[in-house]
2 protein chains.
Amino acid sequence: MRKGLIIVNTGDGKGKTTAALGMVLRAWGRGMRVCVVQFIKSETGQWGEIKAAHKLGIEWLSTGDGITWTSRDMDETIARARHGWKIAQQKISSGEYDLIVLDEFTYALHYEWLDTQQVIEWLKTHRPPNLHLVITGRNAPPELIDFADLATEMSLIKHPYEQGIKAQPGIEF
Amino acid sequence: MRKGLIIVNTGDGKGKTTAALGMVLRAWGRGMRVCVVQFIKSETGQWGEIKAAHKLGIEWLSTGDGITWTSRDMDETIARARHGWKIAQQKISSGEYDLIVLDEFTYALHYEWLDTQQVIEWLKTHRPPNLHLVITGRNAPPELIDFADLATEMSLIKHPYEQGIKAQPGIEF
């Protein structure tokens, strides 16, 4: 029996977005219809995943301004996140997809730019039952984890930054 | 500065293989040369990731007999794992790849079908310095984590099996 799953990848470690990308690849391999809505990060076209999505014909929507953590204009960042959720709502309710990824979406909930309970209520009434929805990001709110079917915590055991090694293209981005 | 990383995805949760697939997708998106050597699992052609790899022209070598946990012939399983390591050694030392994934390789180490210290010593002397090597599986030996540049633990928070929901194509396989 096919059932759309709500999947949450959270935690302080690596692999949250990366595992979502792995699901994108699997689903694409099966001919499923996939869409990625990326929050926070901006589309510079320099990300390996965006290059890959373009090559594969996977719809990829970057809604962030990419400068959140050093942002001089938090209003802009917050407005972009709320706009991103509107785009996500359209995609989710369209019925045109088998898998939708909301990448880094937890930040909008954690920082209360969006109300978690309202987001969950909206999903309960508007998500097509067969749609798989993958949500990534640190600090997933407990209500979201309660709502999820599958939730995974990615924890850092060891990181190359600690050893002075920079992020490597093709691996981390 | 480009430096090949040793990356270990371990833990009891989901997302170990899936995050490796995400790196495969990123690297492929950047035109990097990628190879996956899969231990334990057999190639049935029914995996979403194998379908995707075939479509993308990514080299994918399944070396397992796929029946390990219920195997009536552990000798066969062990022989296949050791043979898989020989194949992996050829691929690693060839210098023809930018990223190699050894999927589910930790089992061969954990169950001592291969000697972890010997594997590490071999990698120290034979791995091209720019090659990224991703090793996945539960119970990664501590020596392997010591050797790794990046190690992540994927932990289960919540799993749909607990609620009687079956594994979903495109998501888990």
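Just above sits the structure.
Predicted model only: the values in this text are computed from it and were never measured.

Draft legend 1. Summary view of helix H1 (residues 16-29) of chain B. With 14 residues, H1 of chain B should reach 20 Å at 1.5 Å per residue; the first-to-last C-alpha distance of 20 Å fits that figure. Within H1 of chain B, 14 of the 14 residues are buried, leaving the element largely enclosed by the surrounding structure.

Draft legend 2. Local environment of the relation of the copies chain A and chain B. If you rotate chain A by 180 degrees and push it 0.0 Å along the axis, it lands on chain B with an RMSD of 0.0 Å. What the superposition gives is, in effect, a two-fold axis relating one chain to the other. Mapped onto chain B, 100% of the interface residues of chain A are again interface residues, and the two copies thus contact each other with one and the same surface.

Draft legend 3. Representation of the nonpolar core. With 98 residues, the main nonpolar core has Val24 and Ile100 of chain A together with Val24 and Ile100 of chain B as its most contacted residues. Excluding its chain neighbours within four sequence positions, the residues that come into contact with valine 24 of chain B are Val34, Val36, Ile58, Leu99 and Val101 of chain B.

Draft legend 4. Examining helix H3 (residues 74-94) of chain B more closely. Residue and element names in this part refer to chain B. Its 21 residues place the ends of H3 30 Å apart at the C-alpha level, agreeing with the 30 Å of an ideal helix rising 1.5 Å per residue. Taken residue by residue, H3 has Thr77, Arg80, Ala81, Gly84, Trp85, Ala88 and Ile92 as its buried positions. Projected down its long axis, H3 shows its buried positions confined to an angular sector of 145 degrees, all on one face. Set apart from the buried face of H3 by more than 90 degrees, the exposed residues are Asp75, Lys86, Gln90 and Ser94. Elements that come into contact with the buried residues of H3 comprise strand S2 (34-38), strand S4 (99-103), helix H4 (106-110), helix H5 (116-126) and strand S5 (132-136). Of the residues one or two after H3, glycine 95 is the one with positive phi, at around 75 degrees.

Draft legend 5. Quick peek at the pairing of strand S3 (residues 59-62) of chain B. Residue and element names in this part refer to chain B. Along S3, the buried face is formed by Trp60 and Ser62; none of Glu59 and Leu61, which line the opposite face, is buried. Bridge count between S2 and S3: four bridges; the pairing is parallel. Along S3, the bridge assignment pairs glutamine 38 with serine 62.

Draft legend 6. Layout of the sheet that holds S3 of chain B. The mixed open sheet is built from 12 strands, whose spatial order is S3(A)-S2(A)-S4(A)-S5(A)-S1(A)-S6(A)-S6(B)-S1(B)-S5(B)-S4(B)-S2(B)-S3(B). Only two strands of the sheet have a single partner each, and these edge strands are strand S3 (59-62) of chain A together with S3 of chain B. Neighbour-to-neighbour, the strand axes of this sheet turn through a mean angle of 15 degrees, independent of strand direction. Relative to S4 of chain B, S2 of chain B runs parallel, the two being bridged by five bridges. By the bridge assignment, valine 36 of chain B is partnered in S4 of chain B with valine 101 of chain B. The strands touched by helix H3 (residues 74-93) of chain A are strand S2 (34-38), S3, strand S4 (99-103) and strand S5 (132-136) of chain A; relative to S2 of chain A, the strand with the most contacts, the crossing angle is about 165 degrees.

Draft legend 7. Layout of the packing of helix H1 (residues 16-29) of chain A against H1 of chain B. Relative orientation of the contacting elements H1 of chain A and H1 of chain B amounts to 75 degrees, with a least axis distance of 6 Å. Judged on the interaxial angle alone, H1 of chain B and H1 of chain A are roughly perpendicular. On H1 of chain B, the residues touching Thr18, Ala19, Ala20, Leu21, Gly22, Met23, Leu25 and Arg26 of chain A of H1 of chain A are Thr18, Ala19, Ala20, Leu21, Gly22, Met23, Leu25 and Arg26 of chain B. Partitioning the contact of H1 of chain A with H1 of chain B into residue classes produces 10 nonpolar, four polar and two charged.

Draft legend 8. Summary view of the packing of H1 of chain A against helix H2 (residues 48-56) of chain B. The geometry of H1 of chain A relative to H2 of chain B is characterised by a closest axis approach of 7 Å and an angle of 75 degrees between their N-to-C directions. As judged from the angle between their axes, H1 of chain A and H2 of chain B are roughly perpendicular. Here Leu25, Arg26, Ala27, Trp28 and Gly29 of chain A of H1 of chain A lie close against H2 of chain B, whose contacting residues are Gly48, Glu49, Lys51, Ala52 and Lys55 of chain B.

Draft legend 9. Region of interest: the interface of chain A and chain B. Counting residues at the interface gives 50 residues for chain A, matched by 50 residues for chain B. When residues of the side of chain A that touches chain B are traced back to their parent elements, those giving at least two are H1, helix H2 (48-56) and strand S6 (150-158) of chain A. For the side of chain A that touches chain B, the element with the highest residue contribution is H1 of chain A, accounting for 11 residues. Each residue belonging to the side of chain A that touches chain B can be placed in one class, and the counts come to 23 nonpolar, 14 polar and 13 charged. As judged from the seven bridges shared by S6 of chain A and strand S6 (residues 150-158) of chain B, these two strands associate in the antiparallel manner. Looking at S6 of chain B, one finds that glutamate 153 of chain A is bridged to serine 155 of chain B.

What counts, and at which threshold
Think of each chain on its own: its residues are numbered from 1, step by step along the sequence as written. All chains are assigned letters beginning at A, and all ligands numbers beginning at 1, according to the order in which they are written. Restriction of local features to residues with pLDDT of at least 70 applies here, the model being predicted, together with a cutoff of 80 or more for giving and counting side-chain atom pairs; totals for whole chains, interfaces and linings are based on all residues. Strands are runs of DSSP state E lasting at least 2 residues, helices are runs of H or I lasting at least 4, and numbering of each runs from the N terminus. Residue count minus one, scaled by 1.5 Å, sets the expected span of a helix. Any residue whose C-beta has 12 or fewer other C-beta atoms within 10 Å is treated as exposed, any with 20 or more as buried, and any in between as partly exposed, C-beta atoms being built from the backbone. Our superposition of the copies is a least-squares fit, built on the C-alpha atoms of residues whose pLDDT is at least 70 in both. Contact definition: two residues whose C-beta atoms, as placed from backbone geometry, lie within 7 Å. Buried Ala, Val, Leu, Ile, Met, Phe, Trp, Tyr and Cys residues form a nonpolar core when they are connected through C-beta atoms within 7 Å. Working definition: the arc comes from the directions between the helix axis and the C-beta atoms, pointing outward to the latter. Whether two strands pair comes down to DSSP finding at least two bridges between them. To get an axis, a line is fitted to the C-alpha atoms, and for a helix only the part in contact is used. The angle between two axes follows their N-to-C directions and goes from 0 to 180 degrees. Here roughly perpendicular refers to angles of 65 to 115 degrees, roughly parallel to angles under 35, roughly antiparallel to angles over 145, and oblique to all remaining angles. Only Asp, Glu, Lys and Arg are considered charged in this grouping, and only Ala, Val, Leu, Ile, Met, Phe, Trp, Tyr, Cys and Pro are considered nonpolar; every other residue, Gly among them, is considered polar.

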